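A closer look at the structure
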Protein chains: 2
Amino acid sequence: MSKKFVYMFKEGHGKGKELLGGKGANLAEMVSLGLPIPDGFTVTTEACTQYYADGKKINSEIEKEIFANVAKLEKEMGKKFGDPVDPLLVSVRSGSRASMPGMMDTILNLGLNDVSVEGLAAKSGNPRFAYDSYRRFIQMYSDVVMEVGKAYFEELIDEMKHKKGIKEDLELTTEDLKALCLQFKAEYKKKIGKEFPQDPKEQLLGATAAVFRSWMNERAEIYRRMHSIPYSWGTAVNIQAMVFGNKGDTSGTGVAFSRNPATGEKMLYGEYLMNAQGEDVVAGIRTPLPISKLQEQNPKIYKEFTDIVARLEAHYKDMQDMEFTIEEGKLYMLQTRNGKRTAAAALKIAIDLVSEKLRTEQEAILMIEPKLLDGLLHPQFDAKALKAAKPIAKGLAASPGAAAGKVVFTADRAVELHAKGEKDLILVRLETSPEDIAGMDVALGILTARGGMTSHAAVVARGMGTCCVAGCGELVLNEKAGTATIAGKTYKEGDLISLNGSTGEIYDGLIPRVEAALTGDFGTVMAWADKYRALKIRTNADSYKDTKKAIEFGAEGIGLCRTEHMFFDFEGEKRTIVIREMIVAKNKEDREKALAKLLPMQRKDFVEIYKALDGMPATIRFLDPPLHEFVPHDEAGRQELAKHCGISVEEVKQVIDSLHEFNPMMGHRGCRLAITYPEICEMQTRAVIEAAIEVNKTAKKPVVPEIMIPLVGEVKEYLFLKDVVVKTADAIIKESGAKLKYLVGTMIEIPRACLTADTIAQHAEFFSFGTNDLTQMTFGFSRDDAAKFLEHYYDTKIYENDPFGTIDFTGVGELMKMAAIKGKASRKDLKLGICGEHGGDPASVEFCHDIGLEYVSCSPFRVPIARLAAAQANIKNPRK
Amino acid sequence: MSKKFVYMFKEGHGKGKELLGGKGANLAEMVSLGLPIPDGFTVTTEACTQYYADGKKINSEIEKEIFANVAKLEKEMGKKFGDPVDPLLVSVRSGSRASMPGMMDTILNLGLNDVSVEGLAAKSGNPRFAYDSYRRFIQMYSDVVMEVGKAYFEELIDEMKHKKGIKEDLELTTEDLKALCLQFKAEYKKKIGKEFPQDPKEQLLGATAAVFRSWMNERAEIYRRMHSIPYSWGTAVNIQAMVFGNKGDTSGTGVAFSRNPATGEKMLYGEYLMNAQGEDVVAGIRTPLPISKLQEQNPKIYKEFTDIVARLEAHYKDMQDMEFTIEEGKLYMLQTRNGKRTAAAALKIAIDLVSEKLRTEQEAILMIEPKLLDGLLHPQFDAKALKAAKPIAKGLAASPGAAAGKVVFTADRAVELHAKGEKDLILVRLETSPEDIAGMDVALGILTARGGMTSHAAVVARGMGTCCVAGCGELVLNEKAGTATIAGKTYKEGDLISLNGSTGEIYDGLIPRVEAALTGDFGTVMAWADKYRALKIRTNADSYKDTKKAIEFGAEGIGLCRTEHMFFDFEGEKRTIVIREMIVAKNKEDREKALAKLLPMQRKDFVEIYKALDGMPATIRFLDPPLHEFVPHDEAGRQELAKHCGISVEEVKQVIDSLHEFNPMMGHRGCRLAITYPEICEMQTRAVIEAAIEVNKTAKKPVVPEIMIPLVGEVKEYLFLKDVVVKTADAIIKESGAKLKYLVGTMIEIPRACLTADTIAQHAEFFSFGTNDLTQMTFGFSRDDAAKFLEHYYDTKIYENDPFGTIDFTGVGELMKMAAIKGKASRKDLKLGICGEHGGDPASVEFCHDIGLEYVSCSPFRVPIARLAAAQANIKNPRK
């Protein structure tokens, strides 16, 4: 009952962003630093939770607290809510614990009504400003609070401009704006059935509730899921006295970063617009000036601002993303937060902060979001091809990277095409808005006609590590025709363009891309990560090429070599037909004949992989998928197979039919296959061992193959196959006269394997957690089928994260812990690793560190991410 | 190294059947009781294990020990192995810890060779006997040790008889037998490529190894699996001086039970044959005399024998199954063991032993194999129909019960037809042999032309609780034609007959059968069981009829009412079309319309079930299977549905296609369905609650429905649906003005539910373990698909039991224990039960008792089994 739901900014210092949200906490900090902040208060995240608990109602207790603080604010500001002479106006903004830019709603100029607008006009001596503010407020309130949409309001403005024969909003007169206010209120009444609310208190409660509600809007949900932000956190609401950047030419508003968010360079970086409100800058409706211009225009304000920036950086020890407003020549800070940055910038800033002695190496490592590295590791344009290409247009280099692909004009269409398998899509928009988030997520690159470096498109693309060129003036969109013109050439959906997000240049057609070159900063941070991590990082690779790539990225061995990939046609070798020949074989003898043909192919693959590894360990998983994954599903394939094997098509069909399974995921696969056909296990052992003997003849450091039996649920399964492996391997080794060490272990991917890990570990030299299957079995749903209901599960908040993305610590993680503890109890030197896709997920890497695994294994491109995540894990929870 | 692998019988007292096998231990006991036993020794089960560990070799240590004991035996008997004048002859018999009658191999007369046979002839003064023994030995040795099969030897005997124009083996002369010995040895040499071994030591080692090997023969494996006997136990080998029942008319051999194994009546019961060896009686080749005849033929021996029987019963406190041999007027006991018995006999014997003060009630309960009760609970012939029917023939009433069905002439064919869905099969054989075991297992009844009450067919059928009529002289089989003639009428496969296993009568055609009447003994034992058990027994039932039946059998409520069964056409009500209408509904409104039609049907079902229960609890599981299980799979069905719903067939097809799942077991089912369509959950809640309110209006004891949410893996799934249930239920209750208590709980069948049981139990009032799904998920295989590889798993000893038959204590059981402990920790009064099929398996019932469940639930026919098993569990491990 005595819970405090509202804090004045000056009370908030040290209360933390869990309670006040990021924005609220930072405002409180800035107030405590004595910076010029318009006063205000924060309604806590707990109030938001309470709002939902009360069935989406602001209860009377919270309401009372809000108005008690309104009274304090009125006293501070010397203005009164709804005052006809000098009204208090406030902004109402969301602010959750984690930054979710543009995901939730904001309302400005709240407190205006038909009476107070006149007061504001008189007091400011600027009636045009007052009515512009009022029409903006009506528009935002209608859209955000009453959810009538803003399209019709925009149409009314366009109509007015058309009628008057003008182009810019700024050309509208006071009378025009007064007329618009009347039209807007009429539209409101038409849509809502009531007059536009004149009581500022009603306005405030409505706006506060709307911000709470926006915590659950669709784009916020998508963003939360993308960034693993729990639904339960809720958002705070910040209610702050308005200051106006649109009070004429001595007023203005801007956004700035204390360092360059694209490169990390230590320089003030940002944009501002005079005679404008913040939304004009952020939404990219007018193209703003670079912040450096402010030094020329107003050196005093500029000096004051740079001093504040320095104090904030020293305070937060991180690059700051700030909003400010100049009202009639006075500077106000509206917000500061740690700035989003590109991967390259994150590395540079971290390194610079260490050089500047603001951060230790460990702290610097913790500052870098591992997933960001992804952007650095992806292809860049081929330098030669790029040199030869001529850009057709140029925009702002909003988010670095290279993208080349098919043009698509709406976010929905991008999502649709992506679902159909189109991977290289360039989303081309007039400007992006938060509704476009899902489409931006699937796009390879983003191109906009409007907006600057801090526009929605630019901020979100950098956060995603997606290449983006913004504000390209030569881009004209024709939404009706579904085409765009770039520098005179018309593009329709599916036409090809290339974007260079690092220069802002746009090219016609596809420019070939090459692998990323890893810069010096990357090397420095990776070297730090390697210094501080305890986990080893291996890779999932089953070819020379992937192995090489992974080693470049710092892999220390192979954690999962899937041998079944080697059974498909590869580099001109007809392999599929041979595995099919084995499948239709009528007896062991015929099966062995087919396997004998596969042996040299698979042996060759291992030779190449071992050579790439140069003595590093390789865990080789034996055949896992059910045989029906290898059979032909078309008539031509069946006929070819019949001909190849000299049997009838009918016989081929019979074999294929006999392989049908009701639940293939839980069928005849993994070790179950090799138990039925031990000759497969023999052949694979032979390939692994013979290749190792061959490579070790000339290798400096001998390879020690690790043979991994998949899908073990009962120790006797493992023993049966271990026996086959050891007999086969030892016979080959003996015959060769060579010396060869090899290990035999198992994948832990069946719940029963975790439960009986003590027994299995008595015989297995290593465990590797196969968390994909383990997740499926533990949850009892198949990944393929769960898609149908998981969407609905997210909607209903039953799950908030994809358990296939991050390990489910509560369930699957519990089984892993159990297996690790039981396994180690039986065999002290049991090697423990993970080779499921979770091995490249930072949160999962941290979990693996915490439960004492020796290594994680992930796809080559994820290796650097895993290295960094492993270092962070060990810094947070050092391994003894 | 100092492990002792061989024990003389006189050393074996108290060493136990784990080491000596059942037969060996009993021989040692009998020796210690001073009974007349031919001396010998036992090679232990540990030697068998060692034999397999050594790669199927008898190692030198064991060999040395065997021959050291041969030397002792020679000394005891005053005869020498291979002695040309008075050779020591031995039998070599298997003997595992559990009785496995006829499953493994035996060799008699070992020690005979071309020289010693002459000694035996001279010493016994009976050359015919000597050569008959020799030819039997060659035959058995060739078959069992060298595995050449016995068919050709039988042909040679038939040829000889044909040539001589005689019918009976006994008519063969010494010269005939000598000639046969030569022919047999020639055949041996032809098949094996070496002479028949003349060295008795070589013979002995060969025979011992053969017995060890027989532990792994196919029929032994099937038997072990049927009776859950672990492979690891191994078999002992008993080597015993031969005594001969075929030394002429003062010799004989017999088998007897101390009480009637079919009825339990306290009377000596058995058969014997003069001038015969044991195999003649057991194999049913000659039809023996009832044991009572022995009293007339040889009252002294009879008296001696009955005294021994009395001593053995007093010693073992159980009905004994004994083998004896009379050699030239002297009685020898060859074996005793607790006798196999029918369910009726088991009950009567247990009750009688208590009356005789040999056993306490608790001990008596422990003597009854719960699975046996099954036989008592199954149908008997309709008394009226039976009275009207005239038997066409009569055999021995070998195993009680009533069977009526289609005739089949081979075990393989029975298995084949059974797999195709034929349930009522009568296996008709000349005589059965251990190779027929699989066919006998699937047959409803067994009829043989030869063999007595202790023949293979009779013993095995009683063990299985299968109706059997044996030794029907009027049955003539024509194997070539694939027909049989019974009392002149010819029957071919598929023709109908009926068997009365309690009278031995055989009928033409089908006699209708009625439910079993539960006899007084049954009631007595059930009353004892109820007195001593702690577990409650519920039933799985979803109709009035099943519920009634289960209550007759002693069920104390419903543990699982599967509501989906109610969605199929039932008692003339068209229900399927309505659930299909719901499935193709395009929106919630249409779905609710269809559900509204289902509501009164489901409500009516619940009303009837509640009435049957009369206040006992009912756990009602909400819709579980995926929706595609309800859709029509044929064109006609699709057309009907399209017409019914007024949509196109194409639309119906689209819906059906959209329901396709890759792994339906792990798909959109259980609570996942109701989360997508909460209106289903609402309708079901409504039906459950409205029915309860209606019934409680007039009920003496109000019903308390227990609503069970299936397939929960995450507490939020449960909470989502609990909320729907509670809101719906409370509104109905409030509106009705009635008072109604109801519980909401969940099925625990997903591994993750076990791992998070503490959280779930905070909100669930009960858990019911769904061990079918839990087993599938924990092992990671689907029951439907696993059949493909499980057979091979049994062959390779990876699994020895069907985890769907008995709970896998190590894996699945561990999860259950965890869930029980975690659940109780959160909610002290959490109700715990099991409703998987394991609830009717005695070993699983014991496990459920041990981990502290409150009840088990099983199919109606299993309720008495569960009651008995629950009592046994509580006697072994009393609950505090």
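Note that the structure is a prediction, hence the values are computed from the model and not measured.

Moving on, we get to the overall build of chain A. Counting its secondary structure elements, chain A contains 35 helices and 33 strands. Its C-alpha atoms give chain A a radius of gyration of 32 Å, within 12% of the compact-globule value 29 Å for 880 residues. Viewed in the frame of its principal axes, chain A has a C-alpha envelope of about 100 × 60 × 50 Å. Summed over all atoms, the accessible surface of chain A reaches about 34,200 Å², with 52% contributed by carbon and sulfur. Seen as two clouds, the 117 positive and the 124 negative side-chain charges of chain A have centres 3 Å apart.

This paragraph deals with the interface of chain A and chain B. Taken together, the contacts link 48 residues of chain A with 48 residues of chain B. Buried surface at the junction of chain A and chain B, summed over both partners, amounts to about 4,200 Å²; 59% is from carbon and sulfur atoms. Interface area lost by chain A to chain B is led by A:Met666, A:Arg752 and A:Ile798, which between them contribute 16%. At the boundary of chain A and chain B, one finds four salt bridges. Here A:Lys716 makes a salt bridge to B:Glu800, at a shortest N to O gap of 3.5 Å. Between the two partners, chain A and chain B, sit 21 residue pairs in polar contact (both at pLDDT 80 or more). Among the secondary structure elements, those contributing two or more residues to the side of chain A that touches chain B are α26 (671-676), α28 (715-736), α29 (751-755), α31 (771-779), α32 (783-795) and α33 (812-826) of chain A. Ranked by the residues each element gives to the side of chain A that touches chain B, the list is headed by α32(A), at six residues. Split into classes, the residues belonging to the side of chain A that touches chain B amount to 20 nonpolar, 15 polar and 13 charged.

For the rest of this paragraph, the subject is helix α22 (residues 576-584) of chain A. All names here are of chain A. Along α22, nine of the nine residues are buried, which leaves the element largely enclosed by surrounding structure. Within α22 the residues assigned to the buried category are Thr576, Ile577, Val578, Ile579, Arg580, Glu581, Met582, Ile583 and Val584. Those residues of α22 hidden inside the fold are in contact with α23 (588-613), α24 (635-645), α25 (649-658) and α27 (678-696).

Moving on: the packing of aromatic side chains. On inspection of all chains with the given rule, the structure shows 47 aromatic pairs over all chains. Their ring planes at 35° and their centres at 5.1 Å tell us that A:Phe779 and A:Phe781 sit as a pair that is tilted. Residue class for A:Phe779 comes out buried when judged on its relative accessible area of 3%. Here the guanidinium or amino end of A:Lys201 rests over the ring plane of A:Phe67, the centre of that ring lying 5.0 Å away. For B:Arg97, the ring lying beneath its charged end belongs to B:Trp233, and the centroid distance is 3.9 Å.

Time to look at helix α9 (residues 218-226) of chain A. Residue and element names in this part refer to chain A. All buried positions along α9 are accounted for by Arg219, Ala220, Glu221, Tyr223 and Arg224. Of the surrounding elements, those touching the buried residues of α9 are α8 (200-214), α18 (437-442) and α32. Positive backbone phi, at 50°, marks serine 228, one or two positions downstream of α9.

A separate point is the state of the cysteines. Residues and elements named next belong to chain B. Tallied over the entire structure, the rule returns zero disulfides over all chains. With no disulfide of its own, cysteine 681 lies 10 Å from the sulfur of cysteine 671, the closest cysteine sulfur. Of the residues examined, cysteine 681 reaches a relative accessible area of 1% and is grouped as buried.

Let us now look at unusual backbone geometry. The phi angle at A:Asp614 is positive, at roughly 55°, despite the residue not being glycine. Relative to the helices and strands, A:Asp614 is located in the loop between α23 and β28 (618-621). The partly exposed category is assigned to A:Asp614, whose relative accessible area is 47%. Although it is not a glycine, B:Lys317 sits at a positive phi angle of roughly 50°. Mapped onto the secondary structure, B:Lys317 falls in the loop between α12 (299-316) and β11 (320-327).

All names here are of chain A. Side chains Phe766 and Ser768 of strand β31 (residues 766-769) all project onto a buried face; the interleaved residues Phe767 and Phe769 project onto the opposite face, where all are buried too. The pairing of strand β30 (residues 743-748) with β31 spans three bridges and is parallel. Following the sheet pairing, threonine 746 is matched in β31 by phenylalanine 767. Inspection of the sheet shows β31 paired to strand β32 (residues 831-834) by four bridges, in the parallel sense. Residue pairing across strands places phenylalanine 769 opposite isoleucine 834, the latter belonging to β32.

This paragraph deals with the relation of the copies chain A and chain B. With an RMSD of 0.2 Å, the operation that places chain A on chain B is a rotation of 179° combined with a shift of 0.1 Å along the axis. Read as a symmetry element, the transformation amounts to a two-fold axis. Both copies share a contact surface, since 100% of the interface residues of chain A are interface residues in chain B too.

The strands making up a sheet are joined through hydrogen bonds of the backbone, oriented either antiparallel or parallel. Residue and element names in this part refer to chain B. Taken together, the eight strands give an open sheet; going across it, the order is β14-β24-β23-β16-β17-β18-β19-β15, and neighbouring strands pair in mixed fashion. Each edge of the sheet is formed by a strand with only one pairing partner; in this case those strands are β14 (393-394) and β15 (396-399). Pairing between strand β18 (residues 445-448) and strand β19 (residues 467-470): three bridges, direction parallel. Residue pairing for β19: isoleucine 446 is matched across the bridge by cysteine 468. In the packing of helix α17 (residues 411-419) onto the sheet, contacts are made with β16 (402-408) and β17 (425-429), and the angle to β17 comes to roughly 170°.

Residues and elements named next belong to chain A. Across the interface, helix α5 (residues 127-145) lies against helix α6 (residues 151-164) with an axial gap of 9 Å and an inter-helix angle of 150°. Considered as vectors, α5 and α6 are oriented roughly antiparallel to each other. The segment α5 lies against α6, with Arg135, Gln139 and Ser142 engaging Phe153, Glu154 and Ile157. In terms of residue class, the contact of α5 with α6 is built from two nonpolar, two polar and two charged.

Per-residue pLDDT for chain A has a mean of 91; in total, 98% of the residues score no lower than 70. For this predicted complex, the interface confidence reaches an ipTM of 0.81, while the overall pTM sits at 0.82.

Cut-off values and rules
Residues numbered from 1 in each chain as written. Chains lettered and ligands numbered in written order. Predicted model: local features only at pLDDT ≥ 70, side-chain atom pairs only at ≥ 80, totals over all residues. Heavy atoms only, no water. Helix = DSSP H or I, 4+ residues; strand = E, 2+ residues; numbered from the N terminus. Rg over C-alpha atoms; globule rule 2.2 N^0.38 Å. Areas by Shrake-Rupley, 256 points an atom, 1.4 Å probe, with all protein chains shown as cover. Lys, Arg positive; Asp, Glu negative; His and termini not counted. Charge placed at Lys NZ, Arg CZ, Asp CG, Glu CD. Contact = heavy atoms within 4.5 Å. Buried area = accessible area lost by both parts, 1.4 Å probe. Salt bridge = Lys/Arg side-chain N within 4 Å of Asp/Glu carboxyl O. Polar contact = N/O pair within 3.5 Å; in protein donor to acceptor, adjacent residues only side chain to side chain. Nonpolar A, V, L, I, M, F, W, Y, C, P; charged D, E, K, R; others polar. Buried < 20%, exposed > 50% of the residue type's maximum accessible area, 1.4 Å probe, protein only. Phe/Tyr/Trp six-rings, centres within 6.5 Å; stacked < 30°, edge-to-face > 60°. Lys NZ or Arg CZ within 6 Å of the ring centre and 35° of its normal. Disulfide = S-S within 2.5 Å. Pairing = 2+ DSSP bridges. Least-squares fit on C-alpha atoms with pLDDT ≥ 70 in both. Axes fitted to C-alpha atoms, helices over the stretch in contact; angles between N-to-C directions. Parallel < 35°, antiparallel > 145°, perpendicular 65-115°, else oblique. pLDDT = per-residue confidence, 0-100.

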